[in-house]
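Architecture and fold: a report
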Amino acid sequence: MYLLRIRMKTLCIFFMYSLHQCFAQTTQNIVVLFVNEEGNEVAESSVDVALTYIKKNNKLGINAEVTKVSGNRTDSAGLLESLCKVYNAMLERNEPPHLVLDTTMTDLASETVKSFTQALALPTISASFGQEGDLRQWRTIDEDEKKYLVQICPPADIIPEIIRKIVLQQNITNAAILFDETFVMDHKYKSLLQNVATRHLISAIDTPRIEAQLQRLRSLDLVNFFILGTIDNIKLVLDAAQKNAYLNRKFAWHAITQDLGELKCNVKNGTILFVKPVVNANYQNRLGQIKTSYQLNAKPEIAAAFYFDFALHSLLTVKNMITDGSWQKTNATNFITCDEYDGKNIPKRVGLDLETALKKELQDSAEPPTYGPFEIISNGFSQMEFDMTMSLVDVRDGAPDKTTPVGTWAAGLNSNLSFLENGIMDKFTSALVYRVVVAEQIPFVFRDENSKKGYSGYCIDLMDKIGEVLRFEYEIQLATGNVFGNMDEQGKWNGLIKDLMDKKADIGLGSISVMAERENVIDFTVPYYDLVGITILMKVPRVPTSLFKFLTVLEDEVWMCILAAYFFTRWSPYSYQNNREKYKDDEEKREFNLKECLWFCMTSLTPQGGGEAPKNLSGRLVAATWWLFGFIIIASYTANLAAFLTVSRLETPIESLDDLSKQYKIQYAPLNGSSSATYFERMANIEARFYEIWKDMSLNDSLSDIERAKLAVWDYPVSDKYTKMWQAMKEAGFPSTLSEAAERVKASESSTEGFAYLGDATDIKYLEMTNCDLKPVGEEFSRKPYALAVQQGSPLKDQLNTAILQLLNRRELERLKEKWWTKNPNRAKCEQQENQSDGISIQNIGGVFIVIFVGIGLACITLAFEYWWYKYRKVAKVVTVQEADVHPVPKNAFGADSFGKNKFGRETFGKETFGKKKAEKFEPKVKPTKLYQGSHY
């Protein structure tokens, strides 16, 4: 019996020994240094669940001895001290860590751990945030170090990459990205939208002041919002957006979360793109088992599952390497303390390929993924594979009304969006609406109640065409003061320029001149209009016309004297009328009665001549004097008439700015506060400065006599042209508006006195086009281009440049010029001005024709009166003629005898009137007949 007991006892001891030997062979002790960051509770909780899972599953063969170190994200020194203290204690116990399990997220905590592990050559698997190059302390590690210093990106580091995909897909030009504590964006401020032409701002959600935060973002002209956070924080932001009235067609909202719940918010009417992860159907049972059996309840669920698999597979990898002997072969047991480290004695871990072993374990592991499989590529690119679903959620009165699936995204740095159908996202975009500030100037921008936007003009049509090219809409607002803007003495701006500086508008539209001082505070696009300078507007010279202008050549006194001389006649006792016998043999026998005298004087002034001259000496002397008088008068009249009709047309008093500055009868000034006024003021100031410089040089006592002699000149060396002009402008007074300036010019008495306006050539061109009384004078000067204005540094500049150049190549700008200048409906139809090369107009010489017509009319009336008089009013006298015998008398060619009268009643005194032919002799027989005295034959 005793022997039996001895045998049974021996058998039990052997069994226990065998069992111990079996357990010793399959269970591996692994020392782990677990480093976490304060606030990353999901990682700590999930790693604890993983350790519990390992402990309860003996088949895994792992006995994990975990030492935890936690530190503040911003306290690098404190964390390093804790690490060294714990690590040195582990070495003192002869329990160096097989693995450093790092779940620090970012910033100094993460970099401290990376520096610590790299310096002491500790095998590490990290779940820190960051892509390639973001882990600064691991940027320069060599190839051997990369094999045992391994990083895997957590889901919260991959999910924000969908923003880049959406921005590129939707061609978004601006974005506001808000995130909460479940996401880390420190390393993504530059990398997230790098090389993407999108103006963006990344900011943490300011929970207590979220409404003010949204208003601040809106003031930066950001209309595309991305929210990264929990469903509760997404609701907080959307509710604040509803209060600020930011949920309309001008905005686009994107809600991106790691949670699995549904979108909730108090939005009255809006559509939100909702993006959330989805569990792979192949791993739902596994996830449910871990959650139920091991209380994996940390939120977000995807992060908890990631950290669980991260810890589990990391320990399994080390266990496999120890089991197969590769761990001992790689000198993985050589350690130094923190105090022993001097920067040069880094232990070598040659051949320690933790990265490859991790890949192999993930491929061959009997433990399935909890949420998604891990993909190990390299630091910054390794991750857990998972999918995100995208849905358009229509919210009505605080509840989701309709959810439309859009597509999915296989989360990854290089993955693209996958849509259920083409074009499904086309309508989900913020209506790209820019704020355009304008200052009125016809025909570029002016009010039009019939227009949709309330304004019309060249620039409005231009902006419409640019909007078609760039696919945006715009709202028009009037500039402060309805002016383009000028800088005062304190360097402060007003008008349109100030609105752009204050970011109250995105684009400045109008005939904005590109000026150096403006380019210091805003940006200009490429010019959309030709160079435009300053020119002069004056009243069109109107030469007074008169049909009887030929009568105004001589003054009234001269005409009266000529008329008096014309009527001054006298009778001489020695004329033919009083001495018929003396002049009976003369061929011409003209009786100078009053009628003949007046006729003689009149015809003597014409090329026709005076006809038969007086017979007596005194009469001929008077006639000669009259001829001399008439010759002088006619010559003087002819010469003065030609000059009088042309001199007024040759009158051009002002032809240039110099002509304007040298006279004093015409006042002139630009608009008050305009760029033209600024030009003249600055030119005057420059002249004053030059004068002071010259004066200081001339009066400088340090100059030698020779140097002073070189500065001694008789003439003033600096022009004061603009100084005098500026003074004259201030005395004349500056018009407040363009219409006021035009009225002052129209009110000028003539082109040689009154008012002249100095302004932009386009303004003056339009006034000339719409007013027949105005015209530009002289050449343009100080020419500058017109361009669109944008905020300084605005990305709109390049986009607008591209659009303007496209329109220029398509000749659209030329068509706009033709529409608003050549074919402008307000163009006035003016009579063509009289050209100097043209002849004398009918307005000035038409009186001559009136004289002809009046003369002909009077002649016709006289003829009618004579006919009536001689036929009906004058009584005929009957004379009885007795037949008598007479001697034959030769008759001349006019039927008159040599000593009688011809048939016209004129005496011939025996001489023939024409040719002196001898008349044939005949003896007419005169019979009694009745003759009517006064009748003509």
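A quick note: this is a predicted structure, and the numbers were derived from the prediction, not measured.

**A word on the nonpolar core**
With 93 residues, the main nonpolar core has I162, I163, I177, F226, I256, L273 and F386 as its most contacted residues. Residue contributions to this core peak at 15 residues, all from helix α12 (residues 301-323). Discounting residues that sit within four places of it in the chain, F226 has contacts with I163, I166, V167, I172, A175, A176, I177, L178, H254 and I256. Of all hydrophobic cores here, the second largest spans 36 residues; its members include L432, M769, L796 and L800.

**Section: the sheet that holds strand β6 (residues 174-179)**
Pairing within the open sheet is mixed, and its eight strands lie in the order β7-β6-β8-β9-β10-β13-β14-β15. This sheet does not close on itself; its edge strands, each paired only once, are β7 (199-204) and β15 (417-419). Direction aside, the axes of adjacent strands within the sheet are offset by 25 degrees on average. As judged from the ten bridges shared by strand β10 (residues 269-278) and strand β13 (residues 387-396), these two strands associate in the antiparallel manner. Note that in β13 the partner of P277 across the bridge is M388. Across the sheet, helix α7 (residues 161-170) is in contact with β6, β8 (224-228), β9 (252-256), β10, β13, β14 (399-410) and β15; its angle to β15 comes to roughly 60 degrees. Its contacts with the sheet place helix α9 (residues 210-219) against β6, β7, β8 and β9, and it is angled at close to 160 degrees to β6.

**Describing the side chain of T762**
By the element assignment, T762 lies in helix α26 (residues 761-770). Filtering out sequence-adjacent residues up to four positions away, T762 remains in contact with Q441, F444, Y529, V532, Y786 and W821.

**Structural notes on the pattern of salt bridges**
Using the criterion set out here, one finds 29 salt bridges in the structure. Residue K243 is joined to E211 by a salt bridge in which the shortest nitrogen-to-oxygen separation is 3.5 Å. With a gap of 32 residues between them, K243 in helix α10 (residues 231-243) and E211 in helix α9 connect regions that are remote in the sequence. With its nearest N and O atoms 3.5 Å apart, the salt bridge here joins K823 to E818. According to the relative accessible area criterion, K823 is exposed, its value standing at 58%. According to the relative accessible area criterion, E818 is partly exposed, its value standing at 36%.

**Considerations on the pairing of strand β16 (residues 433-438)**
Burial analysis of β16 places six of its six residues in the buried class, which makes it a mostly covered element. With burial as the criterion, each face of β16 is covered, one bearing V433, R435 and V437 and the other bearing Y434, V436 and V438. In terms of strand pairing, β16 meets strand β19 (residues 473-478) through six bridges, oriented parallel. Opposite Y434, over in β19, you have Y474 as the bridge partner. In this sheet, strand β20 (residues 507-509) lies alongside β16 in parallel orientation, the contact comprising three bridges.

**As for the packing of aromatic side chains**
Following the criterion strictly, the structure yields 28 aromatic pairs and no others. Taking the centre distance of 6.0 Å and the plane angle of 90 degrees together, the rings of Y679 and Y722 count as edge-to-face. With Y679 in helix α22 (residues 675-698) and Y722 in helix α24 (residues 721-732), this residue pair connects regions lying 43 residues apart in the sequence. Note on Y679 and F781: the rings are 5.8 Å apart at their centroids and 45 degrees apart in plane angle, and the pair reads as tilted. Of the two residues, Y679 sits in helix α22 while F781 sits in strand β25 (residues 774-786), which places them 102 residues apart along the sequence. Y679 gets classed as buried once you look at its relative accessible area, which sits at 18%. Overall, the relative accessible area of 15% leaves F781 in the buried class. Connected via pairs of aromatic rings, a cluster forms that spans F444, Y458, Y528, Y529, Y766, Y786 and W821. The ring of W138 carries the charged tip of K114 above its face, separated from the ring centre by 5.6 Å. The lysine or arginine in question, K765, covers the ring of W821, its NZ or CZ lying 4.5 Å from the ring centre.

**Quick notes on the sheet that holds strand β1 (residues 28-37)**
Ordered in space as β2-β1-β3-β4-β5, the five strands form an open sheet in which the pairing is parallel. In the strand order of this sheet, the two ends are held by β2 (62-71) and β5 (149-151), each with one partner. Averaged over all neighbouring strand pairs, the angle between strand axes comes to 20 degrees, with direction disregarded. In the sheet, strand β3 (residues 99-102) pairs with strand β4 (residues 124-126) via three bridges, with the strands oriented parallel. Bridge assignment links V100 to a residue of β4, and that residue is T124. Lying over the sheet, helix α14 (residues 354-364) contacts β3, β4 and β5, oriented at roughly 60 degrees with respect to β4.

**Section: the state of the cysteines**
Scanning all chains against the criterion turns up one disulfide. Disulfide pairing is shown between C84 and C338; the S-S distance is 2.5 Å. Its S-S torsion of approximately -90 degrees makes the covalent link between C84 and C338 left-handed. One end of the pair, C84, is in helix α3 (residues 76-92); the other, C338, is in the loop between α13 (326-329) and α14, and 254 residues separate them in sequence.

What counts, and at which threshold
- Within any chain, residue numbers begin from 1 and follow the written order of that chain's sequence.
- A pLDDT threshold of at least 70 governs which residues receive local features in this predicted model, and a stricter bar of 80 or more applies before side-chain atom pairs are shown or counted, although totals over entire chains, interfaces and linings include all residues.
- With hydrogens and water excluded, all non-hydrogen atoms of the structure serve as input to the side-chain values.
- What is meant by a nonpolar core is a set of buried Ala, Val, Leu, Ile, Met, Phe, Trp, Tyr and Cys residues, joined one to another through side-chain atoms within 4.5 Å.
- Classification of residues uses two cut-offs on accessible area relative to the type maximum, computed with a 1.4 Å probe and protein chains only: under 20% is buried, over 50% is exposed, and between them is partly exposed.
- A helix here means a DSSP run of H or I that spans at least four residues, while a strand means a run of E at least two residues long, and both kinds are numbered starting from the N terminus.
- Here, two residues are considered to be in contact whenever any of their heavy atoms come within 4.5 Å of each other.
- Strand pairing requires that DSSP identify at least two bridges connecting the strands.
- Here an angle of 0 to 180 degrees is reported between the N-to-C directions of two axes, which are lines fitted to C-alpha atoms, with helices fitted over the stretch in contact.
- A carboxyl oxygen of Asp or Glu within 4 Å of a side-chain nitrogen of Lys or Arg is what we treat as a salt bridge.
- Only the six-membered ring of Trp is used, alongside the rings of Phe and Tyr, when aromatic pairs are assigned; centres must lie within 6.5 Å, and planes under 30 degrees apart are stacked while those over 60 apart are edge-to-face, with the rest tilted.
- Only Lys NZ and Arg CZ are tested; either one counts as a charge over a ring when it is within 6 Å of the ring centre and within 35 degrees of the ring normal.
- The rule for a disulfide is simple: a pair of cysteine sulfur atoms within 2.5 Å.

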